[in-house]
Amino acid sequence: MNRYFIFDGNCDFCLRLATYLKKQTSDIEFLSYHDLKETDLLKIHSELTYEKCQGEVQFVYNGIRYPGFFAFRKLLHFTKKYKYLVFLLYLPLVPFMGMFLFVLLKKIRHKL
């Protein structure tokens with residue numbers, strides 16, 4: 001398997017989101033970076049570190065690492081329900097709004 005979604009398993013919001021997305025997808029391995037060693041992260045992708053995983057979710061697909069909003073957008077391509085709406089996330093200015101939203105979520109995720 002060469003598709004990995006790496007998230008913060010100690011964050012309730014992140015865990016609920018990953019659980020929901022896992023039900024919507026197939027052939028993607030969902031991993032909490034807390035369960036992995038630094039060497040395991042490097043085996044998945046050469047640029048993955050604890051610091052990057054603490055900062056935002058990561059999606060690795062065919063050797064390419066997608067962080068934060070871009071990970072979420074790429075992951076939606078593999079969902080059953082939302083794959084037909086993904087094109088909306090490629091419209092002008094949507095990535096900027098998505099990155100802003102993910103920065104906000106990162107700051108308040110432990111309260112959600």
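Residues numbered from 1 in each chain as written. Predicted model: local features only at pLDDT ≥ 70, side-chain atom pairs only at ≥ 80, totals over all residues. Heavy atoms only, no water.

A. Representation of the environment of Leu 21 within the structure. Turning to its location among the elements, Leu 21 is positioned in helix α1 (residues 12-24). In the structure, Leu 21 is positioned 58 residues away from Thr 79 in sequence and 7.5 Å away in space, judged by C-alpha atoms. If sequence neighbours within four positions are ignored, Leu 21 has contacts with Phe 30, Phe 72, Leu 75, Leu 76 and Thr 79. (Helix = DSSP H or I, 4+ residues; strand = E, 2+ residues; numbered from the N terminus. Contact = heavy atoms within 4.5 Å.)

B. View of the environment of Leu 104. When you line up the elements, Leu 104 lands in helix α5 (residues 94-108). Separated by 44 residues in the primary sequence, Leu 104 and Val 60 place their C-alpha atoms 23 Å from one another.

C. Unusual backbone geometry, seen in detail. Backbone geometry places Asp 27, a non-glycine residue, at a positive phi of 65°. Considering the arrangement of structural elements, one finds Asp 27 in the loop between α1 and β2 (29-32). The class for Asp 27 is exposed, based on a relative accessible area of 53%. Phi is positive for Asn 62, which is not a glycine, with a value near 50°. Position of Asn 62 among the secondary structure elements: in the loop between β3 (58-61) and β4 (64-67). Taking relative accessible area as the criterion, Asn 62 reaches 46% and is therefore assigned partly exposed. (Buried < 20%, exposed > 50% of the residue type's maximum accessible area, 1.4 Å probe, protein only.)

D. Representation of the layout of surface pockets within the structure. Roughly 370 Å³ of internal volume is contained in the largest pocket. Lining of the largest pocket is provided by 22 residues; of these, Glu 56, Val 57, Gly 68, Phe 102 and Leu 105 occupy positions nearest its centre. Within the residue set of the lining of the largest pocket, elements represented by two or more residues are α1, α3 (50-55), α4 (68-76) and α5. In terms of residue count, the dominant contributor to the lining of the largest pocket is α5 (six residues). Counted by class, the lining of the largest pocket contains 15 nonpolar, three polar and four charged residues. (1 Å grid on protein atoms, 1.4 Å probe; cavity = no way out; pocket = protein on both sides within 12 Å on 5 of 7 lines; lining within 4 Å. Points joined across faces, edges and corners; volume = space filled by probe spheres on them. Nonpolar A, V, L, I, M, F, W, Y, C, P; charged D, E, K, R; others polar.)

E. Here's a closer look at the nonpolar core. Counting residues in each nonpolar core, the largest one holds 20 residues, and the members touching the most others are Phe 5, Phe 7, Ile 28, Phe 30, Phe 59 and Leu 75. Take this core: its biggest share by element is four residues, from α4. In this structure, Leu 36, Leu 41, Leu 48 and Cys 53 belong to the second largest nonpolar core, which totals 10 residues. (Core = buried A, V, L, I, M, F, W, Y, C linked by side-chain atoms within 4.5 Å.)

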